[in-house]
Every structure is written in C-alpha cells, then in structure tokens.
Amino acid sequence: MRKSENSSRRQFLGLACSAAVMGTVPIVTLRPSEATPAMLASAIKNVVGAAVVQTGRVKIDVPPLVENGNTVPMTVSVTSPMTPDDYVKSIHVFNEKNPQPNIGNFYLGPRAGRAQIATRIRLADSQKIVAIAQLSDGSFWSVSADVVVTLAACTEEVI
Amino acid sequence: MASALINVPKKAKRGEIIEIKTLMSHIMETGYRRTATGELVPRDIITSFTCHYNGVEIFRADLFPAIAANPFISFFTVATESGKLDFEWIGDKGFTETASAAISVE
C-alpha cells in the first residue's frame, strides 16, 4: 500500500523532527529568566519618568530576519535639525526578551550634527526592539521594530 | 590584550558633519552564560564609552550585556576645529582603555 511507500520518508521526517526538538530542549532549559514586557515598561519608565512618549521621528534600522543573535547590526536615527535650540539629547534602546531590558543609552548633543548612532547588539530571541529619543525640549519619541532571530545569543554553553 | 580601532577622517572642512567609528576588542561576557558544569560565568563587560573633542565631551554611551562582543559604536559630530579626539572605554574588573585621533579642520 501507499503506507509502505512513504514509510521511510515519514520515518526520516519523524526522526528529523524529534532530533530538532531534542536539540532545542537544552537551549530552553538553559535560558535564563527573560525580561518580561513589564520589565521593559519599567525600564522605559526609569528613563522617561511621567512624560508622555509619542510615536514617530525615530527610526530603527535592523535586519528583520537575523541568523545569528550574537551580533545584530543596528542603526538608530532621529529626525532633528540638531541646532543649539533643537537637538536630540539622548537615544535609549530597549528589548523585550533578553535577560535585561536595556541595550544601550547614547547621549548626544547639538554638536553631533546628525542624530544617528550605530552599534551591534545581542538578541536572545525573536522579539521587539524599542528606541526612545529625548529631545532638547524634553519630549520623548519612540519607535519599535520586530526582529526574528534563528540562532539566539546568550544561551550557548561556555566550553 | 584589548585594543581599539578608530576611524576618524584626517581632514575635514569646517562645519562638516563627520562620522566616527570605533571598535574595541572586548569579550563582553554577559553574566548569563553557564559553563558545562552549570556555573554562571561572571559578568565582564564595558559599561561606559565617552568621546571628547578637544576636551569637551561630545558623545557618551552606557553599554549593557546586550551589546555584542567587541563593541562597535559609530556616531556623528560637526568638525569645528583642528585638534584631538579622545576616546575612553571603562568596564568591569577595572577595565580602562583609551585611544585618540587627530583631525585637521580647514
């Protein structure tokens, strides 16, 4: 019957699936406690305080699909004239699911000329990245980006 | 040993916006990884980076374990005057490293 015809392929797929599951199990058990959306919110509150965060003006440039979460290139830019009266004071980058919600704080000034920073970050899982910029008038602007990570950072063993 | 790579244009026109790229060799151990025997590897990261332009701070960054190993940081500044850019990295376990670059502004 058809069953016997397909059985080897089926067996192989079954084996491959179980192998994949076995492979991921240690990673799951080794993963340290994740930052939760609540931790993300409190980390943002530490920076922003009681101010209202508006959406826009900030841009995150990050690949939407990342093979290796250990080093993910990221560029954050803010639309600003960068004059002594109107400039970006700081850029704060957060994540949702790394062990810690913070990624980095970057302090600029009117002498920066262009409100743009670039670095390489680690991502422990597919998740949302949030960038918040504080302008010289005290207003906060934010944007978020979603990244899919196939190989997570932080979870591998040290040999 | 730790060492820095810095990319600053040697020459710039006055008022020109220049990009500064820095790379510091550092393991950036997160403090969340475990050895095969299950012990946590202690955190060892660079926590702070600053750049001074002729003694005036123009850029500063707080780094967290989520910054990848061998931290790469790039930012911009306006070329105002000839002089020196000083870079400093400070981290766990007493890590400090400095570097500088000269720029001539016409």
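Residues numbered from 1 in each chain as written. Chains lettered and ligands numbered in written order. Predicted model: local features only at pLDDT ≥ 70, side-chain atom pairs only at ≥ 80, totals over all residues. Heavy atoms only, no water.

Enquirer: Can you help me understand the overall build of chain A in this one?
Expert: Secondary structure assignment for chain A yields two helices and nine strands. Going residue by residue from the N terminus, the α and β elements of chain A occur as α-α-β-β-β-β-β-β-β-β-β. The proportion of buried residues among the 159 residues of chain A is 42%. Put simply, of all contacts in chain A between residues at least 6 apart along the chain, 66% involve residues at least 24 apart. Total accessible area on chain A stands at roughly 8,500 Å², and carbon and sulfur atoms take up 58% of it. (Helix = DSSP H or I, 4+ residues; strand = E, 2+ residues; numbered from the N terminus. Buried < 20%, exposed > 50% of the residue type's maximum accessible area, 1.4 Å probe, protein only. Contact = heavy atoms within 4.5 Å. Areas by Shrake-Rupley, 256 points an atom, 1.4 Å probe, with all protein chains shown as cover.)

Enquirer: When you look at the interface of chain A and chain B in this model, what are you seeing that I'm missing?
Expert: By convention, interface size is frequently given as the accessible area that disappears when the constituent parts associate. Contact residues are listed per partner, giving 31 residues for chain A and 33 residues for chain B. Where chain A touches chain B, the interface holds zero salt bridges. For the pair chain A and chain B, the interface holds 17 residue pairs in polar contact (both at pLDDT 80 or more). Counting residues per element, the ones that place at least two in the side of chain A that touches chain B are β6 (102-107) and β7 (116-121) of chain A. Broken down by class, the residue content of the side of chain A that touches chain B amounts to 13 nonpolar, twelve polar and six charged. (Salt bridge = Lys/Arg side-chain N within 4 Å of Asp/Glu carboxyl O. Polar contact = N/O pair within 3.5 Å; in protein donor to acceptor, adjacent residues only side chain to side chain. Nonpolar A, V, L, I, M, F, W, Y, C, P; charged D, E, K, R; others polar.)

Enquirer: Honestly, unusual backbone geometry in this entry has me stumped. Any pointers?
Expert: Outside of glycine, negative phi angles account for most residues, and trans bonds account for most peptide bonds. Residues and elements named next belong to chain B. Even without being a glycine, Met28 presents a positive backbone phi close to 50°. Mapping Met28 onto the fold places it in the loop between β3 (17-24) and β4 (46-53). Residue classification places Met28 among the buried residues on the basis of a relative accessible area of 1%. Within the chain, Asn54 stands out as a residue other than glycine whose phi angle is a positive 50°. Relative to the helices and strands, Asn54 resides in the loop between β4 and β5 (56-63). Residue class for Asn54 comes out partly exposed when judged on its relative accessible area of 31%.

Enquirer: Would you take a moment to explain the packing of aromatic side chains for this structure?
Expert: Any pair of aromatic rings gets described here by the distance separating the centres and the angle formed by the planes. Summed over all chains, the structure comprises seven aromatic pairs over all chains. Here the aromatic rings of Phe49(B) and Phe87(B) are separated by 6.3 Å at their centres, their planes lie at 20°, and the arrangement is stacked. Within this pair, whereas Phe49(B) is found in strand β4, its partner Phe87(B) is found in strand β7 (residues 83-91), the two being separated by 38 residues in sequence. For Phe49(B), a relative accessible area of 0% translates into the label buried. Overall, Phe87(B) belongs to the buried group, its relative accessible area being 1%. An aromatic cluster is defined as three or more aromatic residues linked by ring pairs; in this entry it consists of Phe106(A), Phe49(B), Phe59(B), Phe75(B), Phe87(B) and Trp89(B). Positioned above the aromatic ring of Tyr53(B) is the side chain of Arg111(A), whose terminal nitrogen or guanidinium carbon lies 5.0 Å from the ring centre. (Phe/Tyr/Trp six-rings, centres within 6.5 Å; stacked < 30°, edge-to-face > 60°. Lys NZ or Arg CZ within 6 Å of the ring centre and 35° of its normal.)

Enquirer: Would you mind showing me how to read the sheet that holds β7(A) here?
Expert: In a beta sheet, neighbouring strands pair by backbone hydrogen bonds and run either parallel or antiparallel. The six strands lie next to each other as β2(A)-β4(A)-β7(A)-β6(B)-β3(B)-β1(B), forming an open sheet whose pairing is antiparallel. Edge strands, defined here as strands with exactly one partner in the open sheet, are β2 (58-61) of chain A together with β1 (4-7) of chain B. Strand-to-strand twist of the sheet, defined as the mean angle between neighbouring strand axes without regard to direction, takes the value 15°. Bridge analysis of β3(B) against strand β6 (residues 72-78) of chain B gives seven bridges, and the strand direction is antiparallel. Its bridge partner lying in β6(B), Ile18(B) is registered against Thr77(B). (Pairing = 2+ DSSP bridges. Axes fitted to C-alpha atoms, helices over the stretch in contact; angles between N-to-C directions.)

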